[in-house]
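# Fold and contact review
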There are 2 protein chains.
Amino acid sequence: MERTSLPQGVALVSLRVITDERGSVLQMLRCDAADFEQFGECYFSEVLPGRIKAWKRHRTQTQNLAVPVGRIRMVLFDDRAASATAGQVVVLELGRPDAYRRLTIPPGLWYGFGCLGNVPALIANCADAPHQPDESDTRPADDNRMPHEWCAQL
Amino acid sequence: MERTSLPQGVALVSLRVITDERGSVLQMLRCDAADFEQFGECYFSEVLPGRIKAWKRHRTQTQNLAVPVGRIRMVLFDDRAASATAGQVVVLELGRPDAYRRLTIPPGLWYGFGCLGNVPALIANCADAPHQPDESDTRPADDNRMPHEWCAQL
């Protein structure tokens, strides 16, 4: 982990890649891992080259994300008034070979992501609860309350 | 589901793809699904173009597989003496857009898969137990006890 400061409640852990000439095996989440909480839903979000999916904030659901295909810029914004890291903006890259990691995003934190490079990226999410449509808030990528300029930086 | 006959204990269910001009969202497994059993481990197996990963048989673990990226030929071989479908060989394709499905493979069934097409495929597995190295059996792809000729058909 190259970053020493992450928003309160966020975790970033290296994941094992078992290389094989036929194609690698990539670990994601085990029920007997020390940091495993519970399984709610596994799904994938594809992001096409140059596209952005932002912003989203869950009220109760915790996200556990990894990027097995392609490359993602992930931005986290902590506007939680009671947080020890309130106001913090963190920009991460996720993807192989150097950043195949599991990112845990707790409820209450804003996040968004964009595809870097010229191949579609795939984000896998093992969330701790199944999707509920009324459990999250969204803002447009260019919302002026959000301290990140996607267009200038992606 | 275009196939009427699958080996005993095997299930194949269509999964929802929510299309989006930025990149699709692909469902995989929810804990509140009628057919959900339990979560053990989520991992990914990449298969490079023209490569084959075969054969494997788990003793206790159930596999729940889907192919969000690329295209896979999956072969199942039922040599369980007590099975109603003993001797059956089933060849399936998995992948988008027409075959984005969750394949459940029970313990005791042999399976193998190969990458079709010219892009690496990604298989996601939400197994019902975490990986244990001594819980599965393997045979080489060209094992002459297995009634499928990979080289001729992939």
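Above this text you will find the structure in question.
The rules we used
- Residues numbered from 1 in each chain as written.
- Chains lettered and ligands numbered in written order.
- Predicted model: local features only at pLDDT ≥ 70, side-chain atom pairs only at ≥ 80, totals over all residues.
- Heavy atoms only, no water.
- Helix = DSSP H or I, 4+ residues; strand = E, 2+ residues; numbered from the N terminus.
- Rg over C-alpha atoms; globule rule 2.2 N^0.38 Å.
- Buried < 20%, exposed > 50% of the residue type's maximum accessible area, 1.4 Å probe, protein only.
- Contact = heavy atoms within 4.5 Å.
- Areas by Shrake-Rupley, 256 points an atom, 1.4 Å probe, with all protein chains shown as cover.
- Lys, Arg positive; Asp, Glu negative; His and termini not counted.
- Charge placed at Lys NZ, Arg CZ, Asp CG, Glu CD.
- Buried area = accessible area lost by both parts, 1.4 Å probe.
- Salt bridge = Lys/Arg side-chain N within 4 Å of Asp/Glu carboxyl O.
- Polar contact = N/O pair within 3.5 Å; in protein donor to acceptor, adjacent residues only side chain to side chain.
- Pairing = 2+ DSSP bridges.
- Core = buried A, V, L, I, M, F, W, Y, C linked by side-chain atoms within 4.5 Å.
- Disulfide = S-S within 2.5 Å.

## Looking at the overall build of chain A
Each helix and strand counted, chain A has one helix and 12 strands in total. Going from N to C terminus, chain A has its helices and strands arranged as β-β-β-β-β-β-β-β-β-β-β-β-α. A compact globule built from 154 residues should have a C-alpha radius of gyration of about 15 Å, and chain A, at 15 Å, falls within 12% of that. Along the first, second and third principal axes, the C-alpha atoms of chain A reach 45 × 35 × 35 Å. Across the 154 residues that make up chain A, the buried fraction comes to 54%. Once local pairs closer than 6 in sequence are excluded, the contacts in chain A between residues at least 24 apart make up 82%. Working note: accessible area of chain A is about 7000 Å², and carbon and sulfur atoms make up 49% of it. Looking at charge distribution, chain A has the averaged site of its 17 positive side-chain charges lying 2 Å from that of its 19 negative ones.

## Observations concerning the interface of chain A and chain B
Taken together, the contact pairs 37 residues of chain A with 37 residues of chain B. Of the roughly 3100 Å² buried between chain A and chain B on both sides combined, carbon and sulfur atoms contribute 57%. Counting the contacts that link chain A with chain B gives six salt bridges. In this structure, B:Glu46 and A:Arg96 form a salt bridge, with 3.0 Å as the shortest nitrogen-oxygen distance. Our enumeration of links across chain A and chain B arrives at 20 residue pairs in polar contact (both at pLDDT 80 or more).

## Focus: the pattern of salt bridges
Under the defined criterion, the tally for this structure stands at 28 salt bridges over all chains. Here A:Arg30 makes a salt bridge to B:Glu41, at a shortest N to O gap of 3.6 Å. On the criterion of chain membership, the pair formed by A:Arg30 in strand β3 (residues 25–30) and B:Glu41 in strand β4 (residues 41–47) is interchain, its members lying in two chains. The partner of A:Asp35 in a salt bridge is A:Arg102, and the shortest N-O contact between them spans 2.8 Å. Placement of A:Asp35 in the loop between β3 and β4 (41–47) and of A:Arg102 in strand β9 (residues 101–105) is noted, with a sequence separation of 67 residues between them.

## Quick look at the pairing of strand β5 (residues 52–58) of chain A
All names here are of chain A. Within β5, five of the seven residues are buried, which leaves the element mostly enclosed by the surrounding structure. In the sheet, β5 pairs with strand β10 (residues 110–116) via four bridges, with the strands oriented antiparallel. The partner of arginine 57 across the bridge, within β10, is tryptophan 110. Sheet topology note: the β5/strand β12 (residues 136–138) ladder contains three bridges and is antiparallel. Residue pairing across strands places histidine 58 opposite serine 136, the latter belonging to β12.

## Some remarks on the sheet that holds strand β9 (residues 101–105) of chain B
Across the sheet, which stays open at both edges, the seven strands sit in the order β2(A)-β3(A)-β4(B)-β11(B)-β6(B)-β9(B)-β1(B) with antiparallel pairing between neighbours. For this open sheet the edge positions go to β2 (17–18) of chain A together with β1 (11–14) of chain B, each flanked by a neighbour on one side alone. Where strand β6 (residues 63–69) of chain B lies against strand β11 (residues 121–127) of chain B, three bridges are found, and the strand directions are antiparallel. Of the residues in β11(B), the one forming a bridge with B:Val69 is B:Leu122.

## Some details on the nonpolar core
Counting residues in hydrophobic clusters, the biggest one holds 27 residues, and the most contacted among them are A:Met28, A:Cys42, A:Phe44, B:Met28, B:Cys42 and B:Phe44. At the level of secondary structure, the elements contributing two or more residues to this core comprise β3, β4, β6 (63–69) and β11 (121–127) of chain A together with β3 (25–30), β4, β6 and β11 of chain B. Once residues lying within four places of it in the same chain are set aside, the contact partners of B:Met28 are A:Cys42, A:Tyr43, A:Phe44, B:Leu15, B:Asn64, B:Leu65, B:Ala66, B:Tyr100, B:Arg102, B:Ala124, B:Asn125 and B:Cys126.

## Brief notes about the state of the cysteines
The tally for this structure, following the rule as stated, stands at zero disulfides over all chains. In this model A:Cys126 remains outside any disulfide bridge; the closest cysteine sulfur is found in B:Cys42, 3.8 Å from its own. Residue classification places A:Cys126 among the buried positions, given a relative accessible area of 0%.

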